[in-house]
Each structure stands twice: as structure tokens, then as C-alpha cells.
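Residue-level listing of the chains:
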Amino acid sequence: MQLLIPAILCLLGSCCFCSTDARKYESTLMVPTGGPWGSWGHPQFCPSGYVEGFALKVEAYQGFWLFYDDTALNGIRLICSDGTVIESSVGRWGSWTKAQFCSSGKLVSFSLRVEERRYLLDDTMANNVRFACSDGTNLEGLGNLGGHFGPWSSNCTSGAICGLQTKVQDPQGIWDDTSLNDMRVFCCK
Ligand SMILES: *[C@@H]1O[C@H](CO)[C@@H](O)[C@H](O)[C@H]1NC(C)=O
């Protein structure tokens, strides 16, 4: 019987094997500077607590366009205070940087470094991310140098960041890849 009830809920389409995909949140933080391409992945949430650190998946600069197609930022992982690591959509290129943590406190806002459209040249869109900690310090990710950091998102008004959603462009074959274009985070009380 103890196994049967979850099994029936699954048949009804409302089971949850991953405790990371549903949590009540207070607000969504966005920035206006994200790239236009790709589709939003599933929102993912810390099962409990808040986000204390992050790591980025970054493709190092590949060199001169015509020979190489740069994508820069490919993924974002958030590290929850309960030790869970969450990610939404992630691109196929690059490797994970080391994790960076607030010296104390939780993450409460972010800013995205985005390279402007380059039309016939090699587009990369998101290159790096900064997060602000609730203790007032900032963390700058170990991403690439294309473009400029845009404005900060709002701050979580209570609590801190507890989830994320990323927008990633699928591989374009012989055409120009940009991979991660935009992100949103969620605040929980
Ligand atoms: C967010 O909080 C920081 C630190 O308290 C403050 O400097 C900044 O102006 C706030 N940002 C917004 C958009 O309110």
C-alpha cells in the first residue's frame, strides 16, 4: 500500500521523482539583456533552503571565426544550502568551472554579461554571470569576456534565490551556435 499510492499518483501524471522541480516561490528575477535564441528549460528548485553558490559551464575562446564557432556560456549550476546541485537546460559545449560561494549568506540577485548581436560574425550571447550575496558582496563567474555586464536584476525582497531556469539554443549544425542566451531565477521566502 505504501508503494501503491505513489504509483497511482504517477499514473495520474502527478508524481515527482525529482524533488527539485516544484516549490512555491515568491518572485521571479530577470534581466532585460538576454539573447533572443533558444527555448526555456524546466524551472528547477532547491528542495529546501536557498542557493549559496554556483558554477558555470563555459566554452573557452576558440579563436578566429570561419575556423571556430564560439558559444561562451553553456550552463549554470546552483548549489543549495542542503547540498543539492540544480541545473535547468545546459548546452553541449565547454566544461564546468569550480564552484564559487558567498563568504556568508545566500544569492539574492544577478547580472548577465551578454555579447551584442554580431550578425555575419560569430554570435555567442551570454558570456558570464555575476551574483550578489545577501551579505552585500558580489561574485563574478569564471566566464568569458565577450560583451558587457548589463543591469542587475531586482533583489529577492525576502528570503533568497531558490531556483533557476535557463534558455539554451539547440545545436545549429553548420550554422552559428550561441548555446545559453538568457536566465531567470526564483526567490523563495
Ligand atoms: C539590491 O541590494 C543591494 C545591496 O543591498 C543594493 O545596493 C541594490 O541597489 C539593490 N538593487 C535593487 C535593484 O534594488
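Residues numbered from 1 in each chain as written. Predicted model: local features only at pLDDT ≥ 70, side-chain atom pairs only at ≥ 80, totals over all residues. Heavy atoms only, no water.

A. Geometry of the overall build of the chain. Summing up its helical and strand segments, the chain has one helix and 14 strands in all. Among the 189 residues that make up the chain, the fraction classed as buried is 44%. Restricting the contact set of the chain to residue pairs at least 6 apart, pairs at least 24 apart contribute 71%. For the chain, the accessible area works out to roughly 9,800 Å², and carbon and sulfur atoms hold 57% of it. (Helix = DSSP H or I, 4+ residues; strand = E, 2+ residues; numbered from the N terminus. Buried < 20%, exposed > 50% of the residue type's maximum accessible area, 1.4 Å probe, protein only. Contact = heavy atoms within 4.5 Å. Areas by Shrake-Rupley, 256 points an atom, 1.4 Å probe, with all protein chains shown as cover.)

B. The arrangement of the pattern of salt bridges in detail. For the structure shown, the criterion picks out five salt bridges. Ionic pairing is found between Lys-189 and Glu-26, a salt bridge with its closest N-O pair at 3.8 Å. A residue pair is termed long-range when its members are at least 10 positions apart, and Lys-189 in the segment after strand S14 (180-188) and Glu-26 in the loop between helix H1 (4-11) and strand S1 (27-29) qualify at 163 residues. Residues Arg-130 and Glu-140 are paired through a salt bridge, measuring 3.3 Å at the closest nitrogen-oxygen approach. On the criterion of sequence distance, the pair formed by Arg-130 in strand S10 (residues 126-133) and Glu-140 in strand S11 (residues 138-140) is long-range, its members being 10 residues apart. Judged by its relative accessible area of 39%, Glu-140 is partly exposed. (Salt bridge = Lys/Arg side-chain N within 4 Å of Asp/Glu carboxyl O.)

C. Spotlight on the packing of aromatic side chains. One pass over the structure, following the stated rule, counts five aromatic pairs. Their ring planes at 20 degrees and their centres at 5.4 Å tell us that Tyr-25 and Phe-45 sit as a pair that is stacked. On the criterion of sequence distance, the pair formed by Tyr-25 in the loop between H1 and S1 and Phe-45 in strand S3 (residues 44-45) is long-range, its members being 20 residues apart. Since its relative accessible area comes to 4%, Phe-45 is described here as buried. Geometrically, the ring pair formed by Tyr-25 and Phe-186 is tilted, given 4.6 Å between the ring centres and 50 degrees between the ring planes. Taken together, the residues Tyr-25 in the loop between H1 and S1 and Phe-186 in strand S14 connect sequence positions 161 residues apart. On the basis of relative accessible area, Tyr-25 is assigned to the partly exposed category, the value being 39%. The ring of Trp-96 has Arg-77 sitting right over it, with the charged end atom 3.8 Å from the ring centre. We note Arg-184 situated over the ring of Trp-40; from NZ or CZ to the ring centre the distance is 3.9 Å. (Phe/Tyr/Trp six-rings, centres within 6.5 Å; stacked < 30°, edge-to-face > 60°. Lys NZ or Arg CZ within 6 Å of the ring centre and 35° of its normal.)

D. Structural view of unusual backbone geometry. Not every positive phi belongs to a glycine, and Ala-72 is a case in point at roughly 60 degrees. Inspection of the secondary structure assignment puts Ala-72 in the loop between strand S4 (51-58) and strand S5 (73-80).

E. Representation of the sheet that holds S11. Taken in spatial order, the four strands line up as S11-S10-S9-S12 in an open sheet, and their pairing is antiparallel. Lying at the two open borders of the sheet, with one neighbouring strand each, are S11 and strand S12 (148-149). As judged from the seven bridges shared by strand S9 (residues 107-114) and S10, these two strands associate in the antiparallel manner. Its bridge partner being in S10, Ser-111 is matched across the sheet by Arg-130. (Pairing = 2+ DSSP bridges.)

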